[in-house]
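Here is how the chains run, residue by residue.
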Amino acid sequence: MVTSEESQIEKRKASVNWRVLSFATITAAGFVLGKASGVLREIVVSAHFGLSAQLDAYFIAGTVPTMINNIVAGSAITAAIMPTFARYLIANKRDEFWYVASLIANIVLLVTVVLTALALVFAGPIIDLVGAGFPPGTKTLATSLLVIMMPTLVLGAALNVLMAVLNALDRFTAPALIFLALNFGIIATVILLSPVIGIYAVAWGFLIGVTLQVAIQFFELRLERPKFHLRLDWRHPVLREILRAFIPIAALSVVAQVDYIVDLTMATSLPAGSVGALYYADSVLGMFYMVGTSLGIAVFPSLSKLAITKDAETTASAVNMSLRLLIFILLPLTLLLIAFPTPVIGVLLGRGRFDANAVRMTVQALVMYAVGLTGIGAVYVLQRAFYAMSDGVTPLVVGTLVVAAHVALNLVLIPPMAHAGIALSASLTTLGGVAALLLLLARRVPGISVPNLLAFIFRCLVLAAISTAAVVGVFAALHLGTETLTARLIGVGLVGAGGLIYFGLALITRTHESEMLLRTARGFLKLDGRRKTEDGAL
């Protein structure tokens, strides 16, 4: 017999899970549009520049403001301030919420303005460090590109604070459109200006795109009637609280950026195009691991509020739901990408100056990165579960060990596998880090069952293996090879068919996640239909 208290707990779990899934759907829909435009961006950029030293210079220059932003104003600041925002909102202290948000924004902007000025002054030495393996001409070009792109650090700081505020207020539409805005800026600028200024058009497009990202956030924020305070109150007690949370999270960001620099430095000493191959492979994979990113973004505000109310049971339910969903979605994609890498890369990028060798190098990286696809998605959710409980130390310790293992494994795998060794090393160590985080989280939140998750992984893996084997068999029977556009298009079509077969098998075997996704899709379609009917009536 179900008691009234148990019924309330189940209703609370269902409510939180539905909110998370709804917000994740909004975020994922925006990210899908963004990633689709990202594919178009890569098509445009790769067709103009292929895998070249010019493009390597752009990638290296772009990593500098991105890395600094990731440390001082990226996901680190979002993770540090979300629990504080949640506390003010739960207590319905909106005026204090806006005051604290203003303080954080002002401090972050001040810090990034100073860092931007320093980076502009020392642009040459910075590129000498990050692009150590580049020849002098490529370093000079990268330095010029860095000068153009460095102001995106300040813009990126504003963007991340704005998105944190919107997410805390359960607004996810404008943050979900950031990739679309960025890619539109790059695509338009490259098409219009690359014939005149070459690779500099990509750098200017990046700057324009980030500016558009910030502008979109302001449009949605206006709906909340924000109250901005132009003050720097260094003695406000909440700043010490945020700083304590920020330090270990920022330290993990530093570790991650050092790891990224090591990867880039190692890649610059490999044959030309290695940096670009890793970048393009990761970009293509990003179309799929955005599932984990979307779930992490959507679940974080709810987990922060649940941590304040000490609702461990609902916390476990939200984490389990998020992990099972991303496992259900990403495991079949892992096998399908490993089975059909050349058709995917060939269709997306194989044109213009992106020749057969470029396709081959990118395919090698994609296959190795795909091994860790599910882990890449899961780490985003697991880290935010710890951050919601105001624990940044555990992810820091695990992340540091993962990076140390990754660098060591690079040294082993690069000699026989070149740039693909870097990708495989990243995948294997990420999966190890996810296993560690999951075991540690399960000790903190008893409702998270590792054996149940492992059993679910096995179930999804069996369904994915059956569906992948079916489409691989069809492709092999056609004897098309992978060099022609027709063969590649058929290969991509079979990837989609494999996904449909997997989903069908999941429905037949009554896998809960397939039914959940189906209900969610129907719910959104009905909601959209009602909105259209109401619009028509008006």
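Residues numbered from 1 in each chain as written. Predicted model: local features only at pLDDT ≥ 70, side-chain atom pairs only at ≥ 80, totals over all residues. Heavy atoms only, no water.

Trainee: Sorry, what's going on with the nonpolar core here?
Mentor: Note that soluble globular proteins tend to have their nonpolar side chains buried in a common cluster. In this structure, Y58, F85, F97, L323 and I448 are the most contacted members of the largest nonpolar core, which totals 154 residues. For L323, the contacting residues outside a window of four places in its chain are A378, V381, L382, L438 and L453. (Core = buried A, V, L, I, M, F, W, Y, C linked by side-chain atoms within 4.5 Å. Buried < 20%, exposed > 50% of the residue type's maximum accessible area, 1.4 Å probe, protein only. Contact = heavy atoms within 4.5 Å.)

Trainee: Can you walk me through the packing of aromatic side chains in this structure?
Mentor: Two aromatic rings are characterised by how far apart their centres lie and by the angle between their planes. Summed over all chains, the structure comprises 10 aromatic pairs. Their ring planes at 40° and their centres at 5.2 Å tell us that F328 and Y502 sit as a pair that is tilted. With F328 in helix α13 (residues 312-339) and Y502 in helix α20 (residues 485-508), this pair connects stretches of sequence that are 174 residues apart. For F328, a relative accessible area of 2% puts it in the buried group. Classification of Y502 as buried rests on a relative accessible area of 3%. Geometrically, the ring pair formed by F328 and F503 is edge-to-face, given 6.3 Å between the ring centres and 65° between the ring planes. Here F328 is found in helix α13, whereas its partner F503 is found in helix α20, with 175 residues between them in sequence. An aromatic cluster of at least three residues, connected via ring pairs, comprises Y58, F59, Y279, Y280 and F354. (Phe/Tyr/Trp six-rings, centres within 6.5 Å; stacked < 30°, edge-to-face > 60°. Helix = DSSP H or I, 4+ residues; strand = E, 2+ residues; numbered from the N terminus.)

Trainee: How should a nonpolar patch on the surface be read in this particular structure?
Mentor: On the surface, a cluster of nonpolar side chains totalling about 850 Å² of accessible area is made up of F184, I191, L192, L193, V196, I197, W204, I208 and L212. For the nonpolar patch, the secondary-structure elements that each account for two or more residues are α9 (178-197) and α10 (200-221). By the secondary structure assignment, W204 is in helix α10. By relative accessible area, which is 38% here, W204 ends up partly exposed. (Patch = residues over 30% accessible without salt bridge, like charges linked within 9 Å, V, L, I, M, F, W, Y side chains within 5 Å. Areas by Shrake-Rupley, 256 points an atom, 1.4 Å probe, with all protein chains shown as cover. Salt bridge = Lys/Arg side-chain N within 4 Å of Asp/Glu carboxyl O.)

Trainee: I tried to follow the confidence of the model for the protein on my own but got confused; where do I start?
Mentor: It should be kept in mind that the predicted coordinates are not to be read in detail where pLDDT is low. For the protein, per-residue confidence averages 85 on the pLDDT scale, and residues scoring 70 or more make up 91% of the total. Per-element confidence in the protein is highest for helix α19 (residues 450-478), whose mean pLDDT is 96, and lowest for helix α21 (residues 512-537), whose mean pLDDT is 62. Within the model, the stretch residues 527-538 combines pLDDT values under 50 with 0 contacts to residues more than four positions away or in other chains. (pLDDT = per-residue confidence, 0-100.)

Trainee: Would you mind showing me how to read the side chain of S322 here?
Mentor: Position of S322 among the secondary structure elements: in helix α13. Its relative accessible area of 0% is what places S322 among the buried residues. Here the side chain of S322 touches A318 through a polar contact of 2.9 Å, landing on its backbone oxygen. (Polar contact = N/O pair within 3.5 Å; in protein donor to acceptor, adjacent residues only side chain to side chain.)

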